[in-house]
Amino acid sequence: MSDLDQLTQSLARNLKRWRGERGFTLDALAARAGVSRGMIIQIEQARTNPSVGTTVKLADALGVSITTLLDYEQGPQVRLVPEGQAVRMWSTKAGSSTTLLVGTEARGPIELWSWRLMPGDGSASDPHPEGTVELLHVTAGELTLIVDGEPHAVAAGTSATFEAHVPHDYRNDGTEPVEMTMAVSIPPVRREGK
């Protein structure tokens, strides 16, 4: 089985599991995530490999990390994720990329990301659920962080945090690659009716 097939199967199994745990019908999850009912059915039947954006919307709607949707195995108290098992979620021909390093469900999902943005590249993010916070630390280059339309220059060695329930973009307007580590804290989702 290829890595992509394994990813598609894991996502199908985990989406069904978490939708059931949250007590969401197909229609309820579709409405919460802004993803069509048909797409959710295709994902749960492992008939499609959704985009990163669709996967993020589903994870946000379920209140779990992307890691949880892609990996059913719940290991011991300490979980090591070797470099080769980190999940590359986005990349461009220019060499920009994001890698989900690790995530947890403790007190609401928390994700740790490694980013590399090449000069001229950028990535836009839809608003996350109310209460979501992002923290980042730039280790190389200068990031242009745009939060709700307002740009912020984040130089190497600088950290930033913001509430991510508004549109936000990460851009490299400079001439050197930008490298950063980012953590995303997502509030837990309550079961419907509670």
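Residues numbered from 1 in each chain as written. Predicted model: local features only at pLDDT ≥ 70, side-chain atom pairs only at ≥ 80, totals over all residues. Heavy atoms only, no water.

**Observations regarding the pattern of salt bridges**
Under the criterion given, the structure shown has four salt bridges. In this structure, Arg-19 engages Glu-44 in a salt bridge whose closest nitrogen and oxygen atoms are separated by 2.7 Å. Of this pair, Arg-19 sits in helix α1 (residues 3–22) while Glu-44 sits in helix α3 (residues 37–44), and the two are 25 residues apart along the sequence. The exposure class assigned to Arg-19 is buried, which follows from its relative accessible area of 16%. (Salt bridge = Lys/Arg side-chain N within 4 Å of Asp/Glu carboxyl O. Helix = DSSP H or I, 4+ residues; strand = E, 2+ residues; numbered from the N terminus. Buried < 20%, exposed > 50% of the residue type's maximum accessible area, 1.4 Å probe, protein only.)

**Description of the packing of aromatic side chains**
Within this structure, the stated rule accounts for two aromatic pairs. Their ring planes at 45° and their centres at 6.1 Å tell us that Trp-90 and Trp-115 sit as a pair that is tilted. Taken as a pair, Trp-90 in strand β1 (residues 87–91) and Trp-115 in strand β3 (residues 110–117) lie far apart in primary sequence, 25 residues in all. Exposure remark for Trp-90: the relative accessible area of 22% places this residue in the partly exposed category. With centroids separated by 4.6 Å and ring planes inclined at 50°, the aromatic side chains of Trp-115 and Tyr-170 adopt a geometry described as tilted. Here Trp-115 is found in strand β3, whereas its partner Tyr-170 is found in strand β9 (residues 168–171), with 55 residues between them in sequence. For the residue pair Trp-115 and Tyr-170, the accessibility class agrees, reading buried in each case. (Phe/Tyr/Trp six-rings, centres within 6.5 Å; stacked < 30°, edge-to-face > 60°.)

Interpretation note: all reported values are geometric properties and have no functional meaning in isolation.
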